[in-house]
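Report on the structure
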Amino acid sequence: ANVADGKLAFDTLVADGVAPSDIIIYGESLGSGVAVQVAAEKAPGGLILDAPYTSIADIAAGQYPWLPVRWLLRDRYDSVDYIAKVHCPLLIVHGERDEIIPVAMGRELLALANPPKQIATFKEAGHADHYMYGSYDAINAWIDARWPAGRRP
């Protein structure tokens, strides 16, 4: 239902008169899998993935290697299956000391994504604290580079 809710939110904005090109989808951690799927189907102006993963199954297998998690999970949020279907500017932000979602997963998604694409990693940051190391500056600079102040979504 999370992906359906994301699509409904996007469609509601469009129905209210917001141009799809003025919508930036932002997905953080678990929400990054939802954001990728919504962006793959819709036509947003941009996509920001904050600590994204390749799939929930990959994370679970890394955390619980002794359990058959790949067989047990129903909602897999396989971002690797959707990222190539995204055709809008992409920014990935990730802490290099993230112990929940390895930065390597963000880099893998970046490699699979269509241009234009960019990654901003933060050497000292973990999973949810990269704002303390400059991620807001990186996000705002990315937005400013695509949408000048007078035309910002």
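In what follows, the structure referred to is the one given above.
Residues numbered from 1 in each chain as written. Predicted model: local features only at pLDDT ≥ 70, side-chain atom pairs only at ≥ 80, totals over all residues. Heavy atoms only, no water.

1. So, the nonpolar core
Counting 26 residues, the largest nonpolar core has Ile25, Leu47, Leu49, Tyr53, Ile83, Val86 and Leu90 as the members making the most contacts within it. Looking at this core, the elements that each hand over two or more residues are α1 (2-15), α2 (30-41), β2 (46-50), α3 (56-63), β3 (90-95) and α5 (103-112). In terms of residue count, the dominant contributor to this core is α2 (six residues). Setting aside anything within four residues of it in sequence, one finds tyrosine 53 in contact with Ser29, Leu30, Ser32, Gly33, Ile59, Tyr77, Ser79, Ile101, Met105 and Leu109. Listed in part, the 10 residues of the second largest apolar core include Ala120, Phe122, Ala125 and Trp147. (Core = buried A, V, L, I, M, F, W, Y, C linked by side-chain atoms within 4.5 Å. Buried < 20%, exposed > 50% of the residue type's maximum accessible area, 1.4 Å probe, protein only. Helix = DSSP H or I, 4+ residues; strand = E, 2+ residues; numbered from the N terminus. Contact = heavy atoms within 4.5 Å.)

2. Examining a nonpolar patch on the surface
Taken together, the side chains of Tyr131, Met132, Tyr133 and Tyr136 make up a nonpolar region of the molecular surface, amounting to roughly 470 Å² of accessible area. Relative to the helices and strands, tyrosine 133 is located in the loop between β4 (117-122) and α6 (135-146). (Patch = residues over 30% accessible without salt bridge, like charges linked within 9 Å, V, L, I, M, F, W, Y side chains within 5 Å. Areas by Shrake-Rupley, 256 points an atom, 1.4 Å probe, with all protein chains shown as cover. Salt bridge = Lys/Arg side-chain N within 4 Å of Asp/Glu carboxyl O.)

3. A look at the pairing of β2
Across the five residues of β2, five count as buried, placing the element largely inside the fold. Alignment of strand β1 (residues 24-28) against β2, held across five bridges, turns out to be parallel. Looking at β2, one finds that tyrosine 26 is bridged to isoleucine 48. Taking the sense of rotation as the criterion, the β-α-β connection linking β1, α2 and β2 turns out right-handed. Note that β2 and β3 share four bridges and pair parallel. The residue bridging leucine 47 from the neighbouring strand is leucine 90, located in β3. (Pairing = 2+ DSSP bridges. Right-handed = clockwise from strand over helix to strand, strands pointing away.)

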